[in-house]
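Summary of the model geometry
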Amino acid sequence: MSDGTASRRRGTRRPPILLVMLGGFGLLFLLIPLMGLLGEVAWSDLPELLGRPVVVDAMRLSLLSSVAATLLAAVIGVPLAWLLAKVDFPGRSLVRGLVLLPLVLPPVVGGAALLFALGRRGVVGGPLHDLTGLVLPFSIWGVVIAATFVSMPFLVITVEGALTALDDRYEWAGATLGAGRWTVLRRVTLPLIAPSLGAGLILTWARALGEFGATITFAGNLQGRTQTLPLAVFVALESDRAIAVALSLLMVLVALAVLILLRNRWLRSL
Amino acid sequence: MKRGVLSVLGIAMLVSCSSGERTELLVSAAASLADGFIAIEAAYEESHPEVDVVLNFGGSSALREQILAGAPTGVFASANETIMNDVAAAGLLHEPSQVFATNRLAIAVPEGNPAGVAGLEDFDRPELLLGLCARGVPCGDFARTALQRAGVTPVVDTDEPNVRALLTKVELGDLDAGIVYVTDVIARSSVVDSVVIPDEFNPTARYPIAVIARSGAQDTATKFVSFVLGAEGQAVLADRGFGVHE
């Protein structure tokens, strides 16, 4: 223990030159692509480019679908996190692993899996189509489902972590004062985990906003219907690079805004 | 350009890794030619054991960037004449390119054609789920040309980023129809059916081939190009549904 402290103190005085160099390269590796992007931006045309229908459509669709995906994730993901944190059921660690799967899985694989399951001839999508005539791919529902699938794990692990770390005694205290289980949840538990819930929702929304692979595989790509910002960037790269760059810049700004939000709401508490 | 330099390094490593005794010939070919050129490589090496053909597949525009950046490419087979013209404009062709294969379009439908798609005229029916390749992707531009010639304003449900993605959605039955290359429906004939697009509407994609000037293996390269243009090479391509050279 004392050795560790000593070497840490020595380390802060003179960091090893190799680490400084490698770390510096690490930083450059992150910065250079951003500089490359900024170098491509046609600043004077930017307002006109950002006003084009393809951009406006993609922005509208991205906002709508990412907010819808976040809400859907909250409605089904927070209860799942609560079950994982509070109920000791058989196979809990297996379920926890399953919840994490979309984080590790390449999104295009998730999209293919969604297509096999919820496509017009899929195991669930087939009967759904026969009964209701509803087709999920190529619709905004498909976009929302793909985004929810890849982004919900962020919410579940953040909220589950907060619930696990929560001191049970607050909830017990509420219960002994006569509050019902719903009241405890609403008046005690949720307010206590509010910062984590907020951070989880922002992370989920940001992941949903950036979602590409599962969306294009499951929901397809059509301007105004399923073409979100990342899809519009991808398609524009092959046809109109100025638009692709303008859209990319827009997404970088959104990402920075998310980081600033997270810094104030969440990172400070770490 | 930087990306091109990296690719050149990669290709140089690819070439230097292959065997020493035989003359190496680097052939850069469009991805859609992969099946055909793998078969051509085998046939060519059988009759020319002194040559080691090294195949480098990719999007034609990426291959162009590699060649312009100095890749040791001996032969370039492009899916698109415009891209070949860029290489020619840089003064890198040994001789003018020759068209060695053509491709046409076909309508791919799920097995059994459940929606009863009969032709291009069905592409404006909003009740069907229809897909094309996106604009800017060659198969997307060709498909729109065909529809325009047929006087059809398409009502599509998705603009797919490449022809394989489009074909997959047709195979799964999520789309009722999509416009792809004839060679694609032949390659996947066990899982998709196809509807013919009449010649009068059907544009022709031309694949040019050329020897690259500074490769240092021009004799070997010229012989390979003759082989592709000759009876054996053409037969291999015709088997896979390509139109062969005029």
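Residues numbered from 1 in each chain as written. Chains lettered and ligands numbered in written order. Predicted model: local features only at pLDDT ≥ 70, side-chain atom pairs only at ≥ 80, totals over all residues. Heavy atoms only, no water.

It is worth spelling out the overall build of chain B at this point. Broken down by element type, chain B carries nine helices and 11 strands. What you see for chain B is a C-alpha radius of gyration of 19 Å, in line with the 18 Å of a compact globule of 246 residues. Principal-axis analysis of the C-alpha atoms gives chain B an extent of 60 × 35 × 30 Å. When each of the 246 residues of chain B is scored for burial, the buried share is 51%. Counted over contacts in chain B with a minimum sequence separation of 6, partners at least 24 positions apart contribute 75%. Put simply, chain B has 16 plus and 32 minus side-chain charges, and the middle of one group is 6 Å from the middle of the other. (Helix = DSSP H or I, 4+ residues; strand = E, 2+ residues; numbered from the N terminus. Rg over C-alpha atoms; globule rule 2.2 N^0.38 Å. Buried < 20%, exposed > 50% of the residue type's maximum accessible area, 1.4 Å probe, protein only. Contact = heavy atoms within 4.5 Å. Lys, Arg positive; Asp, Glu negative; His and termini not counted. Charge placed at Lys NZ, Arg CZ, Asp CG, Glu CD.)

Our next topic: the state of the cysteines. Residue and element names in this part refer to chain B. Scanning the model with the defined rule gives one disulfide over all chains in all. With its sulfur 1.9 Å from that of its partner, Cys-133 forms a disulfide with Cys-139. Residues Cys-133 and Cys-139 share a disulfide whose torsion about the S-S bond is about -100°; that sign makes it left-handed. Cys-139 shares its class with Cys-133; the two are buried. (Disulfide = S-S within 2.5 Å.)

Residue and element names in this part refer to chain B. Read from one edge of the open sheet, six strands run 2-1-3-10-4-11, paired in mixed fashion. Each edge of the sheet is formed by a strand with only one pairing partner; in this case those strands are strand 2 (51-58) and strand 11 (243-244). Lying over the sheet, helix 2 (residues 34-47) contacts strand 1 (23-30), strand 2, strand 3 (75-77), strand 4 (98-103) and strand 10 (205-211), oriented at roughly 175° with respect to strand 2. (Pairing = 2+ DSSP bridges. Axes fitted to C-alpha atoms, helices over the stretch in contact; angles between N-to-C directions.)

Time to look at the packing of helix 9 (residues 168-176) of chain A against helix 10 (residues 181-192) of chain A. To describe two helices that pack against each other, one gives the angle between their axes and the distance between the axes. All names here are of chain A. Direction vectors running N to C along helix 9 and helix 10 enclose 160°, while the axes themselves pass 10 Å from each other. As far as their axial angle goes, helix 10 and helix 9 are roughly antiparallel. In terms of crossing hand, the pair formed by helix 9 and helix 10 is right-handed. Counting all contacts with helix 9, which are made through Tyr-170, Glu-171, Gly-174 and Ala-175, the residues of helix 10 involved are Val-184, Val-188, Thr-189 and Leu-192. Broken down by class, the residue content of the contact of helix 9 with helix 10 amounts to five nonpolar, two polar and one charged. (Parallel < 35°, antiparallel > 145°, perpendicular 65-115°, else oblique. Left-handed = near helix turned anticlockwise from the far one by under 90°. Nonpolar A, V, L, I, M, F, W, Y, C, P; charged D, E, K, R; others polar.)

This part takes up the environment of Thr-164 of chain A. All names here are of chain A. Mapped onto the secondary structure, Thr-164 falls in helix 8 (residues 140-165). Taking relative accessible area as the criterion, Thr-164 reaches 52% and is therefore assigned exposed. Within the structure, the side chain of Thr-164 is placed 2.7 Å from the backbone oxygen of Glu-160, a separation counted as a polar contact. (Polar contact = N/O pair within 3.5 Å; in protein donor to acceptor, adjacent residues only side chain to side chain.)

Residues and elements named next belong to chain B. Read across the sheet, five strands follow the order 7-6-8-5-9 without closing on themselves; strand pairing throughout is mixed. One side of each edge strand has no neighbouring strand; the edge strands of this open sheet are strand 7 (158-160) and strand 9 (192-196). Within the sheet, the average angular offset between the axes of one strand and its neighbour, ignoring direction, is 35°. The pairing of strand 6 (residues 130-133) with strand 8 (residues 177-181) spans two bridges and is classified as parallel. Following the sheet pairing, Gly-131 is matched in strand 8 by Gly-178. Against the sheet, helix 6 (residues 163-171) touches strand 5 (105-110), strand 6, strand 7, strand 8 and strand 9, its axis set at about 140° to strand 8.

Note that all results are geometric; they support no functional claim without further evidence.
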